[in-house]
Amino acid sequence: MNLPLNAIPNPDLLASPVVELRQYTLKPGRRETLIGIFDNQLIEGQETAGMTIIGQFRDLDRPDMFVWLRGFDGMEARKNALTAFYDGPVWAAWRDAANATMISSDDVLLLKPAWPGAGLDLSGSQRAVTPDFEKPTVSNDLQAIVVIRIHHLRPGLEAGFARDFQTGALPVLAALGARPLAAFITEHAENSFPRLPVRAGENVFISIAGFDSTEAYARHEAALAASPRWQAFEQTAQWEFARPMEVLRLAPTARSLFGQPTPA
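It should be emphasised that the depicted structure is a prediction, and the values quoted were computed from it without experimental measurement.

A look at the overall build of the protein
Part 1 of the argument: The helix and strand tally for the protein stands at six helices and ten strands.
Part 2 of the argument: The long-range fraction of contacts in the protein, counting pairs at least 24 apart against all pairs at least 6 apart in sequence, stands at 86%.

Examining helix H6 (residues 228-237)
Part 1 of the argument: Looking only at H6, the buried set comprises Trp230, Phe233 and Ala237. Angular distribution of buried residues about the axis of H6 spans 60 degrees; they occupy a single face of the element. Summarising the geometry of H6, the exposed residues directed more than 90 degrees from the buried face are Pro228, Gln235 and Thr236.
Part 2 of the argument: Residues of H6 that are buried make contact with helix H4 (158-175), helix H5 (214-225) and strand E10 (241-252).

Structural notes on the layout of surface pockets
Part 1 of the argument: The volume enclosed by the second largest pocket comes to roughly 250 Å³.
Part 2 of the argument: As for the second largest pocket, its lining consists of 19 residues, of which Tyr24, Tyr86, Trp91, Asn99 and Met102 are closest to the centre.
Part 3 of the argument: Mapped by element, the contributors of at least two residues to the lining of the second largest pocket are strand E2 (18-26), helix H1 (31-48), strand E4 (65-72), helix H2 (75-86), helix H3 (89-99) and strand E5 (102-113).
Part 4 of the argument: For the lining of the second largest pocket, the per-class residue count stands at twelve nonpolar, three polar and four charged.

With respect to the packing of H1 against H3
Part 1 of the argument: Contact geometry of H1 with H3 gives a least axis separation of 11 Å together with a crossing angle of 165 degrees. Between H1 and H3, the angle is such that the two are roughly antiparallel. With respect to the hand of their crossing, H1 and H3 are arranged in left-handed fashion. From H1, Leu34, Ile37, Gln41, Leu42 and Gly45 reach across to H3, where they touch Val90, Trp91, Trp94, Ala97 and Ala98.
Part 2 of the argument: The residue makeup of the contact of H1 with H3, split by class, is eight nonpolar, two polar and no charged.

A closer look at the sheet that holds strand E9 (residues 204-211)
Part 1 of the argument: Taken in spatial order, the eight strands of this closed barrel run E2-E4-E3-E10-E7-E9-E8-E5, and their pairing is antiparallel. Neighbour-to-neighbour, the strand axes of the sheet open up by a mean angle of 35 degrees, direction not taken into account.
Part 2 of the argument: The pairing of E2 with E4 spans eight bridges and is classified as antiparallel. Its bridge partner being in E4, Thr25 is matched across the sheet by Met65.

Focus: the packing of aromatic side chains
Part 1 of the argument: Tallied over the entire structure, the rule returns 16 aromatic pairs.
Part 2 of the argument: With 6.2 Å between their ring centres and 35 degrees between their planes, Phe161 and Phe165 make a pair best called tilted. Of the two residues, Phe161 and Phe165 are both situated in helix H4; the distance of four residues between them amounts to about one turn of the helix.
Part 3 of the argument: Given the relative accessible area of 0%, Phe161 is considered buried.
Part 4 of the argument: In textbook terms, an aromatic cluster arises when at least three aromatic residues are bridged by ring pairs, as seen for Phe161, Phe165, Phe205, Trp230, Phe233 and Phe241.

Brief notes about empty space enclosed by the protein
Part 1 of the argument: This structure, assessed with the given rule, holds one cavity of 30 Å³ or more.
Part 2 of the argument: The space that makes up the largest cavity amounts to roughly 70 Å³.
Part 3 of the argument: Residue lining of the largest cavity: 13 residues in total, with Arg149, Leu173, Ser207, Ile208 and Ala209 positioned closest to the centre.
Part 4 of the argument: At the level of elements, strand E7 (145-153), H4, E9 and H5 are the ones that each hand at least two residues to the lining of the largest cavity.
Part 5 of the argument: Looking at the lining of the largest cavity residue by residue, the classes come out as ten nonpolar, two polar and one charged.

Comments concerning the pairing of E5
Part 1 of the argument: Judged from the seven bridges that link them, E2 and E5 form a sheet pairing that is antiparallel. From the neighbouring strand, Arg22 faces E5, where its bridge partner is Val108.
Part 2 of the argument: Where E5 and strand E8 (residues 179-186) come together, three bridges link them in antiparallel fashion. Counterpart to Leu111 in the pairing with E8 is Thr186.

Parameters and conventions
Residues numbered from 1 in each chain as written. Predicted model: local features only at pLDDT ≥ 70, side-chain atom pairs only at ≥ 80, totals over all residues. Heavy atoms only, no water. Helix = DSSP H or I, 4+ residues; strand = E, 2+ residues; numbered from the N terminus. Contact = heavy atoms within 4.5 Å. Buried < 20%, exposed > 50% of the residue type's maximum accessible area, 1.4 Å probe, protein only. Arc of directions from axis to C-beta. 1 Å grid on protein atoms, 1.4 Å probe; cavity = no way out; pocket = protein on both sides within 12 Å on 5 of 7 lines; lining within 4 Å. Points joined across faces, edges and corners; volume = space filled by probe spheres on them. Nonpolar A, V, L, I, M, F, W, Y, C, P; charged D, E, K, R; others polar. Axes fitted to C-alpha atoms, helices over the stretch in contact; angles between N-to-C directions. Parallel < 35°, antiparallel > 145°, perpendicular 65-115°, else oblique. Left-handed = near helix turned anticlockwise from the far one by under 90°. Pairing = 2+ DSSP bridges. Phe/Tyr/Trp six-rings, centres within 6.5 Å; stacked < 30°, edge-to-face > 60°.

What follows is the structure in structure tokens.
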């Protein structure tokens, strides 16, 4: 089915200098309920308040996890946008229904682009218009996916790791089938909206890549494991890691602005 499309309402926020990566732990079996509420009721209200809803996803490996990204035009703009939304009528109308699906919504990383131009390029992106009664299609093995790698680094090493990743790792990833889409490091500024906690004290580097399917990603991982250049990069970087890397394999929901397959 071909869905009608409408353009993102905030073109000035396409390369958001502040981004939240939010991972919600949900009550068993409630993910589709939250996605229905989010996709149909909560996107436009947030964007009207001044933020960009970048993408929302089903975690393919954790059936009770909902992962999403939203962007802001700075820390003060974040405060103003979140205040407008969470004190506004849309959240008041849907807060109880959304919160009823959740166990925890406090796993939040506050991020900024890892180098100039490393933010998400949403230019030309369009969001599908899904009728309220239409349930989004659950991902299958042929659906495009987004993979987020969260590298937990020792304090003070984000900028150096980002430089090494840009020059040493990015070309290898692209050559072996990934579509590098963005890279972020921790934004260490004070939380400008303390009503919503973030994971303070984190030191992360995050890479985001796209793949045509889960099979394409599996082939990519096999190629990385066999690549001397990738093995050399990983070996050199080992001392910088504070704990093991997290890998999120994510399937975009029907109305995710980001992560949809590129039209042929």
